[in-house]
Amino acid sequence: MRRWANEEWRETLHEVIYWYLNANEPARGTDAGIILAQTAIERLSYEFALKEKRLLAVDGFKDLRASDRFRLLFSSLGIPLDIPAATPKLQRLACNSQLKWLDAPHALTEIRNSLVHPEHKRRDQFRSVYYEAWNLSLWYLEMTILAICGYSGTYSNRLKLHWVGQVEDVPWKK
């Protein structure tokens, strides 16, 4: 509620939740979901890392690649950067020596770039991992919203198969 009481954060959260709801709608397609979820993460990165925490100057922030913006945001919130075991297709693809993905933010933004930039050299080569990339993008967005709002309890991890009601601690609580 503290975030919602702040006018700038209320506007940001309104946009981010709108994008999250649309990204989380399977009927829109996993490709659209990847793009929308990462758009929301970029918005949160701007608001949190740049405007609130002032981790970089505006020009420095603008010069960062999207993966670096994500990495800055996630690491400052205690959200892990590694490609999780719950996304085995992404992990296998990351082992490809030609890709040279550093971590999950790098993988996700490369996949998103292949979708939105027609000249991308790997356009259409990541179709087999769209579902995992979509799910992981949504997981990062959910974790970011929870962390920014100061949540430190348990949650149902969308990346893992589990029973209804089965929960775990948020990653930054450990």
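Please refer to the structure higher up on the page.
Starting from 1, residues in each chain are numbered consecutively following that chain's sequence as written. Confidence filtering applies because this is a predicted model: local features only for residues at pLDDT of at least 70, side-chain atom pairs given and counted only at 80 or more, and all residues used for totals across whole chains, interfaces and linings. Side-chain metrics rest on all non-hydrogen atoms present in the structure, leaving aside hydrogens and water.

Here helix α2 (residues 7–23) spans 24 Å end to end across 17 residues, near enough to the 24 Å set by a 1.5 Å rise per residue. Where α2 is concerned, the buried positions are Trp-9, Thr-12, Leu-13, Val-16, Tyr-20, Asn-22 and Ala-23. Note on definitions: a residue-residue contact is assigned when non-hydrogen atoms from the two residues lie within 4.5 Å. Numbering of helices and strands runs from the N terminus, with a helix taken as a DSSP run of H or I at least four residues long and a strand as a DSSP run of E at least two residues long. Where the residues of α2 are buried, they touch α1 (2–5), α3 (30–52) and α8 (130–148). Where α2 begins, the side chain of Asn-6 points an oxygen toward the backbone nitrogen of Glu-8, at a separation of 2.9 Å. Here a helix's expected span is defined as the number of its residues, less one, multiplied by 1.5 Å. The buried label applies to any residue whose accessible area, calculated with a 1.4 Å probe on protein chains only, is under 20% of its type's maximum; exposed applies above 50%, and partly exposed to all values in between. Any pair of nitrogen or oxygen atoms within 3.5 Å is treated as a polar contact; in protein, a donor-acceptor pairing is required on top of that, and neighbouring residues in sequence qualify only through side-chain atoms on both sides.

Counting through the fold element by element, Asn-157 comes out in the loop between β1 (154–155) and β2 (168–169). Residue class for Asn-157 comes out buried when judged on its relative accessible area of 6%. Other than its neighbours up to four places away in sequence, Asn-157 contacts Trp-139, His-162 and Glu-168.

Turning to the packing of α3 against helix α7 (residues 104–116), a few remarks are in order. To obtain each axis, a line is fitted to C-alpha atoms, and for helices this fit is confined to the stretch in contact; angles are then taken between N-to-C directions over 0 to 180 degrees. Remark: α3 packs on α7, axes separated minimally by 10 Å, with the N-to-C direction vectors making an angle of 120°. Put simply, α3 runs oblique to α7. Where α3 crosses over α7, the handedness of that crossing is left-handed. Facing α3, whose interface residues are Asp-31, Ile-34, Ile-35, Gln-38 and Glu-42, α7 presents Leu-108, Thr-109, Ile-111, Arg-112, Leu-115 and Val-116. Partitioned by chemical class, the residues of the contact of α3 with α7 number 6 nonpolar, 2 polar and 3 charged. The scheme is simple: roughly parallel for angles under 35 degrees, roughly antiparallel for over 145, roughly perpendicular for 65 to 115, oblique for anything else. For any helix crossing, the convention is left-handed if the near helix is rotated counterclockwise from the far helix by under a right angle, and right-handed if that rotation is clockwise. Polar here means any residue outside two lists: the nonpolar Ala, Val, Leu, Ile, Met, Phe, Trp, Tyr, Cys and Pro, and the charged Asp, Glu, Lys and Arg; Gly therefore counts as polar.

Next up on the list: unusual backbone geometry. The phi dihedral of Arg-54 falls on the positive side, at around 50°, and the residue is not glycine. For Arg-54, the position within the fold is in the loop between α3 and α4 (58–63). Looking at Arg-54, the relative accessible area reads 68%, which means it is exposed. Positioned with a positive phi, Lys-100 is a non-glycine residue whose angle comes to about 55°. Take Lys-100: it is sitting in the loop between α6 (88–94) and α7. Looking at Lys-100, the relative accessible area reads 63%, which means it is exposed.

Let us look at the packing of aromatic side chains. Two rings from Phe, Tyr or Trp (for Trp, the six-membered ring) form a pair when their centres sit within 6.5 Å of each other. Planes less than 30 degrees apart are called stacked, planes more than 60 degrees apart edge-to-face, and all others tilted. In this structure the tally under the stated criterion is 6 aromatic pairs. Look at Phe-70 and Phe-74: their rings are 5.9 Å apart centre to centre, the planes differ by 50°, and that puts the pair in the tilted class. In this pair, Phe-70 and Phe-74 are both assigned in helix α5 (residues 66–77), 4 residues apart and thus about one turn of the helix distant. The exposure class assigned to Phe-70 is buried, which follows from its relative accessible area of 1%. Through a chain of ring-to-ring contacts, three or more aromatic side chains come together here, namely Phe-70, Phe-74, Trp-139 and Tyr-140. Throughout this description, the term charge over a ring refers to an Arg CZ or Lys NZ atom that lies within 6 Å of the ring centre and within 35 degrees of the ring normal. The ring of Trp-9 is capped by Arg-3, whose NZ or CZ atom sits 4.5 Å from the centre of that ring. The ring of Phe-61 has Arg-69 lying over it, and the distance from NZ or CZ to the ring centre is 4.8 Å.

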